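# Analysis of the macromolecular model
Read off the chains here:
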Amino acid sequence: MSKPAQGVLVAAISIVLASAVFWWYTQSRIHESWTPAELTLLRSLWITSLPDLPANPGNAVSESLQAAEFGHRLFFDKHLSANGQIACASCHQPEQFFTDGLKVAAGVRTGVRNTMSIIGTAYSPWFFWDGRKDSLWSQALSPLENPLEHESSRMQLVHLIAQDSRYRAQYEKLFGPLAEFTDPSRFPVAAGPVKDKTLYGNWQSMLPEDRETVTRAFVNIGKAIGAYERLILPGVSRFDQYMEALVAGDHKKMDILSFDELAGLRLFIGKAQCMNCHNGPLFTNHEFHNTGVLSSPGALPSMGRVEAVRKVLEDPFNCLGEFSNAGSQGCAELRFTRTGDELIGTHKTPSLRNVAETAPYMHAGQLATLTEVIDHYDRAPAAMVGHNEAKPLSLGRNEKRQLEAFLHTLTAQVETDPKWLTPPEN
């Protein structure tokens, strides 16, 4: 080999060695470079910071294993729909982290909102993208009578419980004797306060006391489903394993996150401003924000929380309503909830746990990939209605890639007994 060629080779080897040394140095030092303030932020995101499940005073059976078993069977039962084809699990599929992979939910008909995961949702004070429900049990009732989802009616559902010997036995162990609904002149096959004229007419023809009896049984169905959904909790992700190693000072185990993932984590708690909304161990503040997301093609912009807050305050199934088991002093979230025009166009901040596995994103599935989501927040476009709270981030291409890499570290198996993740055995 000629001397010039040897020189080129030596230079190339030197560059490679220098790059390797630099990589090793930066990789080893990145764990040690967190400031005390940053460490405090990181600890706040760690799953060990997740408190015990909050009390659910509106649902007297929320902690009952029997109620969860009843709700488990209901959750997977397609007979709860008008066409016998749709169950809660049709949209909240355990194998897809309790989402469905669609832009908008597909029940009896095509819906208008993206399916939110129910993993860890028992920690939230509000439900649905607009927060129009304030408890798991009241949320569970809404799809049952929604013409786009189950398209059932409360009378039809109560007949199902009353006529099925297993369901009736489970119900009565929890809630006491179930009334007899065998008189068709009092209790039609299907009836409810819904948009369908026939079903509504049947409902109006019933005596007020019979309507209340049916509604109370209907409410108890929701409370059983709510008890089941409280068991669906997030598991330990690679990020959480990194935090455990970081706190223990175990440098070897800290290597569970790559340099790019750690760089993305630094962006997440800093320059990218993600923690303005996605904070806490569930990576959500459970609040409502306008982030300038465009509406779906051909659809009007969603007004979001500003309309839903009125609905939840008037909802007969809210925490303060007659069907709730809570006293008035146990409903602080509802009594002191924000109202006003600043809520125009705002939607609930979703958890980022398992976010890499739950595309598409936003309230109507408008963004298909995490790359698109990050680009959206980087640009911070003007909102169609209301005011976009986000500001442009000026992230570089590599920074966007690193931020996305970090989001993949939040994936974890559900921290729930596997028996709850499949239909119950007959």
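Quick look at the structure, then.

## Observations concerning the overall build of the protein chain
Along its length, the protein chain carries 16 helices and two strands. Overall, the protein chain is about 105 × 45 × 45 Å in size when its C-alpha atoms are taken along their principal axes. A buried classification covers 51% of the 426 residues belonging to the protein chain. Residue pairs in contact within the protein chain that sit at least 24 positions apart in sequence constitute 72% of those at least 6 positions apart. When the accessible surface of the protein chain is summed, it comes to about 20600 Å², and 56% of that surface belongs to carbon and sulfur atoms. The distance from the centre of the 39 positive side-chain charges to the centre of the 46 negative ones in the protein chain is 3 Å.

## Topic: the environment of Ile 221
Summarising the element assignment, Ile 221 is placed in helix α9 (residues 208-229). Measuring from C-alpha to C-alpha, the distance between Ile 221 and Ile 161 comes to 8.8 Å, with 60 residues separating the pair along the chain. When neighbours within four sequence positions are excluded, Ile 221 is seen to be in contact with Leu 74, Leu 144, Leu 157 and Ile 161.

## As for the layout of surface pockets
Empty space among the atoms can be located by rolling a probe the size of a water molecule over them. Considered as a void within the structure, the second largest pocket measures approximately 580 Å³ in volume. With three residues, helix α14 (residues 332-335) is the largest single contributor of residues to the lining of the second largest pocket.

## Observations concerning the packing of aromatic side chains
Counted under the stated rule, the structure contains 15 aromatic pairs. Taking 5.3 Å as the distance between ring centres and 55 degrees as the angle between the ring planes, the aromatic pair formed by Phe 268 and Phe 406 counts as tilted. Pair noted here: Phe 268 is in helix α12 (residues 259-269) and Phe 406 is in helix α16 (residues 397-407), with a separation of 138 residues, a long-range link. As far as the burial class goes, Phe 268 and Phe 406 line up, both buried. Taken together, the ring pairs connect Phe 75, Phe 76, Phe 98, Tyr 228 and Trp 420 into an aromatic cluster.

## Overview of unusual backbone geometry
Put simply, Ala 359 and Pro 360 share a cis peptide bond, and its omega is -5 degrees. Within the fold, Pro 360 resides in the loop between β2 (347-348) and α15 (370-379). Despite not being glycine, Glu 151 has its phi angle at roughly 55 degrees, a positive value. Within the secondary structure layout, Glu 151 lies in the loop between α5 (136-145) and α6 (154-163). You can call Glu 151 partly exposed: its relative accessible area is 27%. One non-glycine residue, Asn 354, lies in the positive phi region at around 70 degrees.

## Brief notes about helix α10 (residues 238-248)
Residues three or four positions apart in an α-helix share a direction because the helix packs 3.6 residues into each turn. Where α10 is concerned, the buried positions are Phe 239, Asp 240, Tyr 242, Met 243, Ala 245 and Leu 246. Residues of α10 that are buried in the fold lie against α2 (36-45), α11 (251-254), α12 and α16.

## As for the state of the cysteines
Within this structure, the stated rule accounts for one disulfide. Covalently, Cys 319 is tied to Cys 331 through a disulfide, its sulfur atoms 2.1 Å apart. Sign of the S-S torsion, about -75 degrees for the bond between Cys 319 and Cys 331, identifies this disulfide as left-handed. With Cys 319 in the loop between α13 (305-314) and α14 and Cys 331 in the loop between α13 and α14, this pair connects stretches of sequence that are twelve residues apart. This pair shows no difference in class: Cys 319 is buried, exactly as Cys 331 is. Unpaired in this structure, Cys 274 has its nearest cysteine sulfur neighbour in Cys 277, at a distance of 9.3 Å.

## Topic: the side chain of Ser 324
Tracing the chain through its elements places Ser 324 in the loop between α13 and α14. Of note is the side chain of Ser 324, whose polar atom sits 3.1 Å from the backbone nitrogen of Ala 326. Leaving out residues up to four positions away in the same chain, Ser 324 has contacts with Gly 58, Trp 137, Lys 223, Asn 318 and Cys 319.

## Concerning α5
Burial runs high along α5: ten of the ten residues are buried. Looking only at α5, the buried set comprises Leu 136, Trp 137, Ser 138, Gln 139, Ala 140, Leu 141, Ser 142, Pro 143, Leu 144 and Glu 145. At its buried positions, α5 is contacted by α6 and α9.

## A closer look at the nonpolar core
Counting 47 residues, the largest nonpolar core has Leu 74 and Phe 75 as its most contacted members. Contributions of two or more residues to this core are made by α3 (65-75), α4 (88-91), α5, α6, α7 (165-175) and α9. The leading source of residues in this core is α9, at nine residues. If we ignore the near neighbours within four places in the chain, the residues touching Phe 75 are Ala 87, Cys 88, Ala 89, His 92, Phe 98, Ile 118, Ile 225, Tyr 228 and Glu 229. Ala 245, Leu 246, Phe 268 and Leu 403 belong to the second largest nonpolar core, which has 37 residues in total.

Cut-offs and rules
- Here the residue numbers are simple positions, counted from 1 along each chain's written sequence.
- Owing to the predicted nature of the model, reporting of local features is limited to residues with pLDDT of at least 70; listing and counting of side-chain atom pairs is limited to 80 or more, with chain, interface and lining totals taken over all residues.
- Side-chain measures here rest on the full set of heavy atoms in the structure, leaving out hydrogens and waters.
- Numbered from the N terminus, helices here are DSSP runs of H or I no shorter than four residues, and strands are runs of E no shorter than two.
- Each residue's exposure class comes from its accessible area (1.4 Å probe, protein chains only) as a fraction of the maximum for that residue type: buried when under 20%, exposed when over 50%, partly exposed otherwise.
- Any pair of residues with heavy atoms lying within 4.5 Å of one another is described as a contacting pair.
- Residue exposure ignores everything except the shown protein chains as possible cover, and the areas themselves are Shrake-Rupley values with a 1.4 Å probe.
- Charged residues are defined here as Lys and Arg on the positive side and Asp and Glu on the negative side; His and the ends of the chain fall outside this count.
- Throughout, a charge is located at the NZ atom of Lys, the CZ atom of Arg, the CG atom of Asp or the CD atom of Glu.
- Here the term cavity refers to a set of points on a 1 Å grid, laid over the protein atoms alone, in which a 1.4 Å probe fits but cannot get out; the term pocket refers to an open set having protein on both sides within 12 Å along at least five of seven lines, with lining residues being those that place an atom within 4 Å of a point.
- Grid points are joined across faces, edges and corners, and a volume is the space filled by probe spheres set on the points.
- Here the aromatic set is Phe, Tyr and Trp, taking the six-membered ring for Trp, and pairing holds for ring centres within 6.5 Å; pairs whose planes are under 30 degrees apart are stacked, those over 60 apart are edge-to-face, and all others are tilted.
- The disulfide criterion is simple: two cysteine sulfur atoms within 2.5 Å.
- Here a polar contact is recorded for every N or O atom pair within 3.5 Å, except that within protein the pair must consist of a potential hydrogen donor and a potential acceptor, and residues adjacent in sequence are included only if both atoms are side-chain atoms.
- Residue types Ala, Val, Leu, Ile, Met, Phe, Trp, Tyr and Cys, when buried and joined through side-chain atoms within 4.5 Å, form a set referred to as a nonpolar core.

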